[in-house]
Structures are given as C-alpha cells and as structure tokens.
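Residues per chain, in single letters:
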Amino acid sequence: MKKAISLLLAAVTALSMTTVSFAAETTTVDKGDIVVLYTNDVHCGVDDNIGYAGLAAYKAEMLKATDYVTLADVGDAVQGAALGTLSKGEYLIDIMNQVGYDVAVPGNHEFDYGMDQFMSLSKALKCGYVCSNFIDLRTNKPVFDAYKMITYGDTKVAYVGIDTPESITKSTPTYFQDNTGKYIYGFCNGNNGKELYNAVQSAVDAAKAEGADYVIAVGHCGDDLQSAPWRSADIIANVSGLTAFLDGHAHSTIPCEKVADKDGKTVLLTSTGTKLNAIGKLVIKASGAVTTELVTDYTAKDPTTDTFVQGIKAKNDALLKKVVAKTSVDLTVMEADGKTRAIRNQETNLGDLVADAYRAASGADVAIVNGGGIRANIAAGDITYEQIIAVHPFGNELRMVKATGQQILDALEMASRTTPDENGGFLQVSGLTYTIDTTVPSTVKTDDNKMFVKVEGARRVKDVMVAGKPIVATQTYTLASHNYMLESAGDGLNMFQKDEFLSVPAMLDNEVLINYITGTLKGVVPAEYSKAQGRINVVSAPAMPFTDVANGAYYYDAVMFSVEKGLIPGTTATTFTPNATMTRGDVVYALWNLAGKPTAKANPAFTDVDFSTDLGKAVAWAHENGIVNGKTESTFVAGDSVNRQQFAAFMYRYAEALGYNVSTTGSLSAFNDAKQVSSYATQALAWANANKLVNGFSDGTVRPFGTATRGQSAAIIYRFASTLSAAKAA
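All of the points below concern the structure found in this document. (Residues numbered from 1 in each chain as written. Predicted model: local features only at pLDDT ≥ 70, side-chain atom pairs only at ≥ 80, totals over all residues. Heavy atoms only, no water.)

A look at the overall build of the chain
Spelled out, the test is: Only DSSP runs of H or I covering at least 4 residues are called helices, and only runs of E covering at least 2 are called strands; the numbering of each starts at the N terminus. Exposed residues in this analysis have more than 50% of their type's maximum accessible area, buried residues have under 20%, and partly exposed residues fall in between, with area computed by a 1.4 Å probe over protein chains only. Contacts are residue-level and defined by heavy atoms, with any inter-residue pair within 4.5 Å sufficient. With residues, only the protein chains shown are counted as cover, and all accessible areas are computed by Shrake-Rupley using a 1.4 Å probe. Residues counted as positive are Lys and Arg, residues counted as negative are Asp and Glu, and His and the chain ends are not counted. Every charge is mapped to an atom, namely NZ of Lys, CZ of Arg, CG of Asp or CD of Glu.
In terms of regular secondary structure, the chain is built from 20 helices and 29 strands. For the C-alpha atoms alone, the extent of the chain along its principal axes is close to 95 × 70 × 50 Å. Looking at the chain as a whole, 55% of its 730 residues qualify as buried. Long-range contacts, defined here as pairs at least 24 residues apart, represent 75% of the contacts in the chain between residues at least 6 apart. If you sum the accessible surface of the chain, you get close to 29800 Å²; carbon and sulfur atoms cover 50% of it. Separation between the mean location of the 62 positive side-chain charges and that of the 77 negative ones in the chain comes to 4 Å.

Rendered as structure tokens:
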C-alpha cells in the first residue's frame with residue numbers, strides 16, 4: 001500500500017520532530033538500543049571477506065544485546081560474479097532471504113537481467129524493495145513504496161529508498177523502454193537534480209507525517225563526481241529531515257561523515273565499500289544519540305547460513321571450475337601497482353584482449369568495449385569458466401553495425417568526457433588508436449538521462465586512427481561491440497541505435513572471449529598481451545606548480561594554460577604572484593611565446609636590453625611588428641608596470657600584426673569613466689571589451705589606468721587564445 005499522507009498532517013507532525021544528537025563513536029549496545037546493520041555493493045561476494053555467514057553471525061550477536069536489530073541492503077547485491085550470472089540473480093535473493101534482510105533498495109545492477117527478471121526478483125525478496133524515485137512513467141506513480149516504517153517499542157524509524165538515476169545508463173537503457181523506444185520507467189532524473197530531491201523530500205515528509213522519529217535514507221547514489229547532481233551529498237544538501245544516509249554505488253568506504261542538510265543540520269553519511277569487506281552499523285541510543293561505524297575483521301560464521309551458501313555454490317562448481325584455456329601472462333584491469341583500477345580511464349592489456357576478441361568474432365574494422373563491462377583480472381596459468389564469467393558477468397551479446405567515422409568520434413568523445421576520472425563507459429578498443437587530451441575541458445552535452453546529445457565545442461579526443469590511417473568522419477566502418485553498447489545505448493552511447501545491424505554469430509560476451517583464446521590464440525594468451533599495446537594515449541594536464549594560485553580562482557585555468565604554453569614565468573619556482581603588477585617585459589615575453597617565439601630581422605637601439613636573451617629576442621620581435629615602442633628612443637624599460645589600457649593596446653596590436661580580424665569592436669560609452677581612456681587606447685580597449693577580453697567593473701567603470709595584474713593578464717591572454725584563434729585572417 002502506497003503511503004498517501006496529506007500535507008496538512010505532515011505540517012502538524014513536523015512540529016513534534018525528535019531532537020537528535022550525534023555521538024563521535026558507537027558505544028556498547030544496550031538493551032533497547034536500535035541497531036541497523038547495512039551492506040552495499042556485495043556484487044555476489046557471498047563468502048568474500050566477512051561473507052553472508054559472518055553477517056548472519058554478527059546479526060545474531062547484536063540480537064543478544066538488544067531486541068531491535070534491522071538489516072538493510074543498499075543495492076547491487078545480485079550481480080558481479082558467476083553465481084549471479086548463471087542464476088540471473090535468484091541465488092543471491094535466496095541467500096538474502098536466508099540471512100533475513102528487513103529493508104532493501106535496488107541498485108543499478110539489480111536491473112541487469114532485464115525488467116521482467118527484476119520484477120520477479122523483487123517479488124521473491126521477502127522484505128521487498130523500497131524506492132522513492134523509481135517511477136512507472138505510464139502511471140506516473142512509484143513502482144515500490146517510497147519508504148518502510150519499522151516500529152521499535154515506542155520509536156518509529158522510516159527507511160526511505162533511493163536509487164541513482166544513473167541506473168538507466170549504468171544498467172541497460174532499453175530495459176526501461178517499451179518496444180518503440182519510449183521510456184516507461186524513470187528515476188526522477190530531470191531538472192538538474194530537483195526532481196530527485198523533491199521525490200526524496202516528499203517521502204521524508206510523508207514518513208514524518210506518519211510519526212517517524214528518525215528517517216534514514218537507504219540510497220544507492222555514491223559520491224563519484226560524475227554522478228552529480230544525484231550523489232548522496234547532493235541529496236542531503238537539498239533535503240531536510242534526514243537523520244542518516246546509508247550509501248552505495250561508488251564502493252566508497254565511509255565509516256562516518258557529517259554532512260549539512262538543507263537546513264544546516266547534521267546528517268551522518270556512511271558506506272561500507274564492497275563485497276562485504278565491512279558491515280555497516282548504525283546505533284540509535286535511548287538518549288537519542290546516533291552513531292555509525294564499520295565492523296571489519298569479523299571472523300565468526302553462522303553455521304546454518306554458511307551451509308546454505310556453500311550448498312548453492314556447490315550446484316555450479318563443477319562447471320565453473322572447468323579449465324577452458326590458459327594464459328602466459330597476467331591479464332588485468334588494474335594499474336601496474338596492482339592496487340588502483342585502470343580499466344575505466346586508460347588502456348589495459350585485458351581491455352586489449354577483450355576488444356580484440358570482439359573484432360575477431362565479427363570481422364569488424366573496429367571493436368569497442370566499455371571498461372565497466374570488464375570486471376575481473378585473470379592470473380597467469382589456467383583459465384576457468386568461472387574466471388571468464390567474472391570478467392564478463394553481464395551476459396551481453398555480440399553485435400556489429402555500419403557506423404560513420406563521425407559516430408565513432410562522438411562515441412570516443414562521450415566515453416572520454418570524465419577522463420582521468422573513472423567512467424564505466426570508457427572505451428577499450430581494437431583496430432583503432434586515439435589520444436585523449438585531458439587539458440581540453442569536455443564540451444559533451446547530455447540530456448537528463450545522461451544520454452549523448454552533442455559535442456558543443458573543442459574536442460579532447462584527437463589523432464584517431466583506423467588501421468593506421470586517420471579516421472574519416474564521412475566514411476562508413478563496421479563496428480563491433482555488444483548489445484548493451486550498440487543496441488541499448490549503454491553508458492549513454494545512443495549514436496548507434498539506428499544504424500544498420502549486420503549478421504554476426506550468436507554469442508554471449510563470455511563465449512566471444514573463450515572462442516578467441518581457444519580458437520584464434522590456439523588456447524593460450526601469448527606474451528604479446530603482457531602489457532597494454534599503446535592504443536590509447538592519455539595526455540594529462542601538468543600539476544599546478546604555483547602554491548598561490550587557488551583552484552577555483554578566475555585565473556586558475558589561465559595560469560595553467562600559461563604554464564603549459566610557457567607564456568608567463570612564475571615569480572619563483574613555486575609562486576605566480578597573481579596580484580602583482582604585470583610589467584612591459586612580462587607582456588612582451590608572453591606574447592612572443594604565444595606567437596611561437598619568432599625571430600626579428602634586426603634589433604632596435606635599446607641600450608637597456610640584452611638581445612642575446614629570450615626577453616631581448618621578444619622585445620626585438622615586438623618592436624619590429626609595432627606591438628610595443630620604447631619608453632625613449634634608446635630605452636625599453638622592461639620593468640615598468642602596465643595599466644589596463646596599455647595592456648589592451650598591446651593585445652590589439654598583437655592581433656593586428658599576426659593577421660587576426662580586429663573589425664569586431666564596440667563602444668565604451670556605457671562606462672562612466674570612458675572619457676578617461678587615452679586616445680591611443682580607445683579603439684584597442686573598445687575591441688578588447690567587445691570581444692570579452694577586458695570587462696568592466698560592477699560600479700560601471702572600465703578603469704583604464706587601473707593596474708593590469710599578472711592574474712588578469714593571464715586571463716586575458718587565455719581568453720584571446722581560446723576564443724579568437726578561429727577568427728585569424730586567411
């Protein structure tokens with residue numbers, strides 16, 4: 001029964017909200033305390049780390065201390081290994097029922113076996129699912145109850161379910177559509193997060209109206225930057241009334257983090273990591289104090305649950321342990337250190353192998369595979385069926401289309417938009433090489449479902465080669481991948497859905513990989529796969545060398561550009577001194593570097609310049625091209641400060657000398673100090689203002705004699721290089 005509570009009742013009960021205090025650490029559990037144990041992102045790790053038998057044992061231990069123990073799961077339990085794949089999640093639901101969960105929210109991977117199977121799993125799960133934002137768009141009503149209320153003595157606790165709107169792209173988009181491609185399920189994913197916040201707030205208000213003393217969000221949302229605006233912290237900051245937020249999705253380990261809600265009140269944020277490496281524990285004391293912590297290194301096992309889990313595992317052990325191939329090298333999704341995941345932001349040798357398998361199975365020109373679909377390492381030695389399924393747990397099917405070069409370029413741009421941050425859609429490739437320049441900000445535009453719309457500006461993906469030749473945007477190529485990527489717009493790559501699909505063998509992803517190793521490679525992965533083969537080059541921005549340039553400062557990107565191009569040197573090795581005055585020498589040196597360090601035909605007669613130095617060469621070039629004059633016929637005076645109109649004049653003359661179109665100009669009449677502008681600088685300053693290189697101030701002035709600081713100057717040069725380069729005259 002859906003919770004339908006009037007706004008009037010919600011307002012009345014809100015006046016009697018319980019006052020909550022937060023303790024720094026959980027104290028000993030006493031009789032009458034409420035204990036909430038929670039798990040997230042188990043991903044079929046049924047006996048990894050603490051394991052479900054350990055969870056059951058700890059739950060029993062808590063029940064000896066208090067009668068009030070609740071067990072909650074925060075999503076992504078049924079997928080991630082062969083046990084889930086072969087049973088389509090059913091074995092995991094059986095185990096969760098055995099352990100005795102009271103509350104559960106679906107994660108994005110609960111949908112990986114299709115909507116029909118998901119609905120079947122939700123019915124089989126004895127506690128059912130709660131989710132405030134999973135909506136049947138045909139009726140515009142939630143599929144499940146928004147929250148679950150549990151009463152402990154005279155205390156009521158509401159558990160509000162939330163699932164990330166990323167579920168659409170991080171499961172399979174077509175699962176949420178009808179057969180015409182129309183979305184029939186959604187996650188309140190519109191209006192830049194506000195739809196989600198409103199859905200959660202409505203659930204919180206309804207729970208309060210029903211008498212909840214505490215409201216705990218059970219949210220599969222995560223804290224990854226790319227998950228904004230739907231992260232757990234985003235929701236907390238835009239909602240009031242939550243006591244705590246049990247989080248999942250990002251596999252983050254958060255024992256207890258205090259986050260301010262919409263009203264400035266503290267909400268505890270916590271997450272256990274993944275694969276039962278910890279049990280989350282929230283305690284509500286009789287005093288009202290609330291604590292969260294993570295229980296680790298717990299070794300006890302509940303024998304009944306252990307026997308149940310082992311019995312399920314035994315059903316498929318014979319098949320899973322069968323050796324199907326061998327590898328002479330370690331195949332990995334990790335960095336060289338073996339500790340950091342790499343498959344979602346750079347090339348790995350296993351990524352190469354998998355992509356090659358798709359190209360070999362289809363005969364395509366190019367193959368692409370999302371890094372998020374390659375899930376496990378394979379150590380050198382025997383390869384079992386279990387290992388292959390662990391690499392490919394989703395059961396995706398081989399597909400091939402006719403795609404244009406432009407579509408492939410768009411797909412690469414979309415998949416690389418967050419690099420070097422992780423992205424499950426990052427593309428491992430075969431038959432193709434490319435460079436990602438992370439110094440170029442991504443200009444990819446997506447819709448509310450995080451689906452690709454267009455590239456609005458500069459592209460960060462460069463030097464794309466197919467079979468050693470530059471890709472041609474208008475040329476048609478055969479492209480292989482799986483149904484998740486090509487047919488179902490997985491990870492938001494929707495550009496291939498209407499392409500012509502070509503005939504390929506009917507194979508699942510694990511069959512594609514096994515057949516490649518046993519057939520093409522004759523049963524053994526050779527040494528040529530010992531490392532990544534250089535198909536993807538990631539160009540990273542250098543670290544900011546200056547300690548006095550704060551991230552977020554208006555000139556930060558400009559100073560980084562200056563560092564990369566060698567334009568304006570720091571005042572020391574570690575300082576830029578952005579508020580110091582720009583000098584004549586600084587300006588000339590920066591523009592000379594921007595122009596590519598050209599050589600002057602002759603040196604002017606300045607006695608205070610050493611023309612054997614770079615600064616001297618810059619002065620000679622700038623003087624020869626009419627960019628700057630001397631202070632006198634025989635002196636340049638490089639150390640003299642530059643004001644705003646002088647700097648505008650230098651920039652205008654630079655643009656004119658190098659053949660830029662300087663016809664776009666405007667009027668300074670809007671500025672109340674326009675009459676103070678010197679006649680020599682009027683046209684230059686009007687041009688700089690019209691082209692948004694030099695802006696006015698909030699008091700309506702342009703301040704022509706104001707100081708041109710190093711930070712301002714770097715910003716102006718950066719704007720010029722970024723916006724006017726295309727206007728250069730032919």
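Some thoughts on unusual backbone geometry
With omega at 10°, the peptide bond leading from alanine 228 into proline 229 counts as cis. On the secondary structure map, proline 229 appears in the loop between strand 10 (214-220) and helix 8 (232-237). Cis rather than trans, the peptide bond between threonine 419 and proline 420 has omega equal to 15°. Tracing the backbone shows proline 420 in the loop between helix 12 (405-415) and strand 20 (427-430).

Digging into the sheet that holds strand 21 (residues 432-437)
Quick note on the threshold: Pairing between two strands is assigned when DSSP locates at least 2 bridges connecting them. Angles run from 0 to 180 degrees between N-to-C directions of axes, and those axes are lines fitted to C-alpha atoms, restricted for helices to the stretch in contact.
With mixed pairing, 4 strands are arranged side by side in an open sheet as 25-24-21-29. The open sheet terminates on both sides in strands that have one partner only, identified here as strand 25 (469-470) and strand 29 (536-539). Strand direction decides the pairing type here: strand 21 and strand 29, joined by 4 bridges, are parallel. Residue pairing for strand 29: aspartate 437 is matched across the bridge by valine 539. Seen against the sheet, helix 12 touches strand 21 and strand 24 (461-466) and runs at an angle of roughly 135° to strand 24.

A closer look at helix 9 (residues 303-320)
Our working definition: Expected span of a helix, by definition, is 1.5 Å for each gap between consecutive residues, and there is one gap fewer than residues. In this analysis the local bend is the angle between axes fitted, respectively, to the seven residues ending at and the seven residues starting at the residue.
For helix 9, which comprises 18 residues, the first-to-last C-alpha distance of 24 Å matches the rise-based estimate of 26 Å (1.5 Å per residue) to within 8%. Roughly 35° is the biggest bend found in helix 9, and it falls at alanine 314. The set of residues buried in helix 9 consists of Thr305, Val309, Ile312, Asn316 and Leu320. Buried residues along helix 9 sit in contact with helix 2 (51-65), helix 3 (82-87), helix 4 (90-99), strand 18 (381-384) and helix 11 (385-391).

Section: a negative patch on the surface
To keep things clear, this is the line we draw: Here the term patch refers to residues with relative accessible area over 30% and no salt bridge, with like charges joined within 9 Å and nonpolar side chains (Val, Leu, Ile, Met, Phe, Trp, Tyr) within 5 Å. Here, a salt bridge means any side-chain nitrogen of Lys or Arg that lies within 4 Å of a carboxyl oxygen of Asp or Glu.
Taken together, the side chains of Asp223, Asp224, Glu257 and Asp421 present a region of like negative charge at the surface. Its relative accessible area of 40% is what places aspartate 421 among the partly exposed residues.

Regarding the packing of helix 10 (residues 349-362) against helix 14 (residues 509-520)
Two quantities define a packed helix pair, namely the angle between the axes and the distance from one axis to the other. Here is the rule we go by: Under this scheme an angle from 65 to 115 degrees is roughly perpendicular, one under 35 degrees roughly parallel, and one over 145 degrees roughly antiparallel; angles in between are oblique. Ten residue types, Ala, Val, Leu, Ile, Met, Phe, Trp, Tyr, Cys and Pro, are classed as nonpolar, four, Asp, Glu, Lys and Arg, as charged, and the remainder, Gly among them, as polar.
Look at helix 10 against helix 14: their axes get within 9 Å of each other, and the N-to-C directions meet at 85°. Between helix 10 and helix 14, the crossing angle belongs to the class labelled roughly perpendicular. Of the residues in helix 14, those in contact with Leu353, Val354, Asp356, Ala357, Tyr358, Ala360 and Ala361 of helix 10 are Asp509, Val512, Leu513, Tyr516, Ile517 and Thr520. Tallied by class, the residues present in the contact of helix 10 with helix 14 amount to 10 nonpolar, 1 polar and 2 charged.

Things to note about the pairing of strand 3 (residues 68-73)
The cut-off we apply is this: Whether a crossover is right-handed depends on one test, that the path from the first strand over the helix to the second runs clockwise when the strands point away from the viewer.
For strand 3, a buried count of 5 out of 6 residues is recorded, marking the element as mostly surrounded by other parts of the structure. Alignment of strand 2 (residues 34-39) against strand 3, held across 6 bridges, turns out to be parallel. Following the sheet pairing, tyrosine 38 is matched in strand 3 by alanine 72. Handedness of the crossover joining strand 2 and strand 3 through helix 2 is recorded here as right-handed. Looking at chain direction, strand 3 and strand 4 (residues 103-104) are connected through 2 bridges and run parallel. Bridge pairing in strand 4 places aspartate 73 opposite alanine 104.

A short note on the packing of helix 15 (residues 556-565) against helix 20 (residues 710-723)
One can describe the packing of helix 15 onto helix 20 by two numbers: an axis separation of 8 Å at closest approach and a directional angle of 75°. By the angle between their directions, the pair helix 15 and helix 20 is classed as roughly perpendicular. The residues of helix 20 that touch helix 15, namely those facing Asp557, Ala558, Val559 and Phe561, are Ala714, Ala715, Tyr718 and Ala721. By residue class, the composition of the contact of helix 15 with helix 20 is 7 nonpolar, no polar and 1 charged.

Overview of the state of the cysteines
What is meant by a disulfide is a covalent connection between two cysteines, made through their sulfur atoms. Just so we agree on the cut-off: Criterion for a disulfide: a pair of cysteine sulfur atoms within 2.5 Å.
Across all of its chains, the model carries 0 disulfides by this definition. Unpaired in this structure, cysteine 131 has its nearest cysteine sulfur neighbour in cysteine 188, at a distance of 8.4 Å. Residue class for cysteine 131 comes out buried when judged on its relative accessible area of 0%.

Side note on the pairing of strand 7 (residues 147-152)
In this sheet, strand 8 (residues 155-163) lies alongside strand 7 in antiparallel orientation, the contact comprising 6 bridges. Bridge assignment links lysine 148 to a residue of strand 8, and that residue is tyrosine 159.

A look at helix 15
Every buried residue of helix 15 is listed here: Tyr556, Ala558, Val559, Met560, Phe561 and Ser562. Its buried side turned inward, helix 15 meets helix 16 (584-594) and helix 20.

Concerning the layout of surface pockets
Here is the rule: Throughout, the protein atoms alone are placed on a 1 Å grid, and a set of points is a cavity if a 1.4 Å probe fits but cannot get out or a pocket if it is open with protein on both sides within 12 Å along at least five of seven lines; lining residues have an atom within 4 Å of a point. Grid points are joined across faces, edges and corners, and a volume is the space filled by probe spheres set on the points.
Here the second largest pocket is characterised by a volume of approximately 650 Å³. What lines the second largest pocket is a set of 19 residues, among which Thr439, Val440, Pro441, Glu564 and Tyr718 lie closest to the centre. Those elements giving two or more residues to the lining of the second largest pocket turn out to be helix 15 and helix 20. Examining the composition of the lining of the second largest pocket, we find that 6 residues originate from one element, helix 15, more than from any other.

Looking at empty space enclosed by the protein
The probe, sized like a water molecule, is rolled over the atoms to show the empty space still left. Within the structure shown, the criterion is met by 1 cavity of 30 Å³ or more. Considered as a void within the structure, the largest cavity measures approximately 40 Å³ in volume. Sorting the residues of the lining of the largest cavity by element identifies helix 18 (644-657) and helix 20 as the ones contributing at least two each. Top contributing element to the lining of the largest cavity by residue count: helix 20, with 3 residues.

A closer look at the side chain of arginine 344
Looking at the secondary structure, you find arginine 344 in the loop between strand 16 (323-327) and helix 10. Despite its burial, arginine 344 pairs with no opposite charge; the closest candidate is glutamate 422, at 4.5 Å N-O. Excluding anything up to four places from it in sequence, arginine 344 contacts Gly371, Gly372, Arg375, Asp421, Glu422, Asn423, Gly424 and Phe426.

Considering the sheet that holds strand 17 (residues 366-370)
As summarised here, the arrangement of the 5 strands in space is 20-17-26-19-27, forming an open sheet in which the pairing is mixed. The strands lining the two open edges of the sheet, one partner per strand, are strand 20 and strand 27 (500-501). Here strand 19 (residues 398-404) runs beside strand 27; their pairing, made up of 2 bridges, is antiparallel. Residue lysine 402 lies in a different strand from strand 27, and its bridge partner there is glutamate 500. Lying on the sheet, helix 10 is in contact with strand 17, strand 19, strand 20 and strand 26 (476-482); it crosses strand 20 at an angle near 50°. On top of the sheet, helix 12 reaches strand 19, strand 20 and strand 26; it is set at about 115° to strand 19, its chief contact.

A look at the packing of aromatic side chains
The test is simple: Ring pairs shown here join Phe, Tyr and Trp side chains whose ring centres sit within 6.5 Å, with only the six-membered ring taken for Trp; geometry is labelled stacked below 30 degrees between planes, edge-to-face above 60, and tilted in between. Definition used: whenever NZ (Lys) or CZ (Arg) falls within 6 Å of the ring centre and also within 35 degrees of the ring normal, the charge is taken to sit over that ring.
Within this structure, the stated rule accounts for 24 aromatic pairs. Pairing phenylalanine 118 with tyrosine 129 gives two aromatic rings, centres 5.7 Å apart and planes at 20°, and the pair type is stacked. One end of the pair, phenylalanine 118, is in helix 5 (residues 115-124); the other, tyrosine 129, is in the loop between helix 5 and strand 5 (135-136), with 11 residues separating them in the sequence. For the residue pair phenylalanine 118 and tyrosine 129, the accessibility class agrees, reading buried in each case. Measuring from centroid to centroid gives 4.9 Å for tyrosine 554 and tyrosine 555, while their planes differ by 75°, and the two rings are edge-to-face. Looking at tyrosine 555, the relative accessible area reads 11%, which means it is buried. The residue whose ring lies beneath arginine 703 is phenylalanine 697, and the NZ or CZ to ring-centre distance is 3.8 Å. The ring of phenylalanine 576 carries arginine 710 above its face, with NZ or CZ at 4.5 Å from the centroid.

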